[in-house]
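Residues per chain, in single letters:
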Amino acid sequence: MQNAAILTVDDDPSVSRAVARDVRRRYGDRYRVIRAESGPSALDALNEIKLRGEQVAVILADYRMPQMNGIEFLEAAMDVFPLARRVLLTAYADTDAAISAINIVDLDHYLLKPWNPPEEKLYPVLDALLEAWLATPAVTMPETKVVGHRWSAHSFTVRDFLARNLVPYRWLRADEAEGVRLLTAAGMSEADVPVVITTDGKALARPTEADLAAHVGMATTPASDLYDLAVIGAGPAGLGAAVYGASEGLRTLLVEQRATGGQAGQSSRIENYLGFPDGVSGAQLTDRARRQALKFNTELLTTREVVGLERSGSATLLHFGDGSAVTAHTVVLATGVSYRLLDAPGLADLTGRGVFYGAAATEAPSCSGEEVYIVGGANSAGQAAVYFSRYARKVHILIRGEDLTRSMSQYLIDQIEAIPSIEVHPRTEVVGGEGRDHLERLILCDGRTGLTTAVPTSWLFVFIGAEPRTDWLGDVVARDGAGYVLTGSDLLADGRRPAGWTPSRDPYHLESSMPGVFAAGDVRAGSVKRVASAVGEGAMAVSLVHRYLEAR
Ligand SMILES: Cc1cc2nc3c(=O)[nH]c(=O)nc-3n(C[C@H](O)[C@H](O)[C@H](O)COP(=O)(O)OP(=O)(O)OC[C@H]3O[C@@H](n4cnc5c(N)ncnc54)[C@H](O)[C@@H]3O)c2cc1C
């Protein structure tokens, strides 16, 4: 890529020269290879590149350097070029430090010195990192701009959609000079906002999510009409199924109605997922999982909702919302759950204009210095409280119960107790919301006294549990009373197989009442509502898919 750089930094001049020489030999015709001999001088070089408006694709940093070690340098480098891929060069004795760097600086790779022969140890790593870097939307499309109103639900939806799909964008208010200038340049006015200006200069007035997806480079139409495996929903379970399915040679289609990552993508910090001792943000985990699925040739469709399943011979027809359909030999239902809405007068009209469901991380910087209210006592509410406390003057957690102990993990309770700006209000409910163009005050009710009070605030984030949105499945697969998909032995009432079941065997463990259609993750009746179990079930569903295909 013209003008993009690969930067290497090592304090040992001979090693520094050797790395740069090997990198230049293979990539010198396509990338500028820049060499530095200390962290501070490498940072100067990065800042200079930034000022020139150029890109950095990969940074290779030695771990043991005086002044600033490799991890400290990469952490600072992330602020300048967050999308550059990061590699730490280490001696064998430093592998522990390298492993901890995976979390601290979201390291892409650590490379043991010496890396000879580079054809085996260095180039395959750099090839993969450069390929991933080039596939990052922000690299090929430097800047998408969104012009809108601060308190517009549609403007929020657009920003939330772009953020959750990891599309970098610049947000400009329609009443600030730069916003006005852009609207004028696009021949539009405030009446057209939200306006999205894509990197190729197209201006989209009030775009739908499907318009946005198509214009920021996401696939929305299937390339084929027949797949071995169709996975519905790209949360952790769906991504897990897609990675295992595609890597094991199945032609795999992954269909997502909104944004990859599902609920996990909204988590500010997942602390209990195996392999991430320092936690990982939902966005990081999603980015990695999505890249992994795409690497194995999963076909990912975004903004496509599956609205029906139908048996078609030995395969299954998936119907989309626009009337089109694809066929798949097997299906994994990984549609998870969605937030339950808070039912109190005034709130519905203010949704997206001060009332938000889920963490709505895009809004956090706007809460700076303000009072934020969070409803809910489970881990998702706790994580959000910790996250918003970095911005807000005060975060109030409203819960119906006496305390958090029954609903929240102890590690989060401990974190909350240690943050003075978070206050927990037991036995308190929101009974109303008021405001003209956005939320201005909440009406709270004290469950002990029944007294109501009005509190001024523009921010309410709701986490009151979730339910499966499986109505679209109708009677095609058996569901429990709450709508969760029944699988395996749960389908055998008194030892009898489900109505209409044709195979001469019982349903496999994650198989639904429709043979060849499996369920994984939160949507499955009896599942553990966790990222790890969703990923595990996604992987397990694929092994059952193989068993199903072999036995047909
Ligand atoms: C804020 C928050 C924080 C959390 N923190 C943690 C944590 O720290 N640790 C932990 O273990 N768990 C955590 N969880 C729970 C965890 O995220 C879920 O258990 C996990 O995401 C479930 O994965 P899933 O793939 O089954 O479903 P989901 O993540 O719900 O994903 C389902 C996907 O399917 C899509 N979809 C739904 N219907 C359709 C359709 N008809 N067509 C196409 N696509 C469809 C949805 O848009 C969604 O993207 C958290 C949850 C939240 C909300």
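Anyway, here's the lowdown on the structure attached to this text. (Residues numbered from 1 in each chain as written. Predicted model: local features only at pLDDT ≥ 70, side-chain atom pairs only at ≥ 80, totals over all residues. Heavy atoms only, no water.)

Things to note about the pattern of salt bridges
Selection criterion: Any Lys or Arg side-chain nitrogen found within 4 Å of a carboxyl oxygen on Asp or Glu counts as a salt bridge. A run of DSSP states H or I qualifies as a helix once it reaches four residues; a run of E qualifies as a strand once it reaches two. Both are numbered from the N-terminal end. Partly exposed describes any residue whose relative accessible area lies between the buried limit of under 20% and the exposed limit of over 50%, with all areas from a 1.4 Å probe on protein chains only and scaled to the type maximum.
In this structure the tally under the stated criterion is 35 salt bridges. The shortest N-O distance in the salt bridge between Asp22 and Arg25 comes to 3.5 Å. Of this pair, Asp22 and Arg25 both sit in helix H1 (residues 13-27), three residues apart, roughly one helical turn. Classification of Arg25 as exposed rests on a relative accessible area of 53%. The partner of Glu537 in a salt bridge is Arg524, with the nearest N and O atoms 2.9 Å apart. Highlighted residues: Glu537 in helix H15 (residues 531-551) and Arg524 in the loop between strand E26 (517-519) and H15, separated in sequence by 13 residues. Glu537 gets classed as buried once you look at its relative accessible area, which sits at 10%. One network of salt bridges, in which partners are shared, links Arg21, Asp22, Arg25 and Glu119.

Quick look at unusual backbone geometry
That bond from Lys113 to Pro114 is cis: its omega, -10°, falls within 30 degrees of zero. Here Pro114 is to be found in the loop between strand E5 (109-112) and helix H5 (118-121). Here the bond from Asn116 into Pro117 is cis, since omega is -10°, no more than 30 degrees from zero. The phi dihedral of Asn297 falls on the positive side, at around 75°, and the residue is not glycine. Here Asn297 is to be found in the loop between helix H12 (282-295) and strand E12 (299-302).

Re the sheet that holds strand E20 (residues 422-425)
Threshold: Two strands pair under a simple rule: DSSP has to find at least two bridges between them. Angles here are taken between N-to-C directions and fall from 0 to 180 degrees, while the axes themselves are lines fitted to C-alpha atoms, restricted in helices to the stretch in contact.
Spatially, E17-E24-E18-E19-E20 is the arrangement adopted by the five strands of the open sheet, whose pairing is parallel. Among the strands making up the open sheet, the edge pair consists of strand E17 (355-357) and E20. Mean inter-strand twist for the sheet, computed between neighbouring axes without regard to direction, equals 20°. Here five bridges tie strand E18 (residues 371-375) to strand E19 (residues 394-398), and the two strands are oriented parallel to one another. Residue pairing across strands places Glu371 opposite Lys394, the latter belonging to E19.

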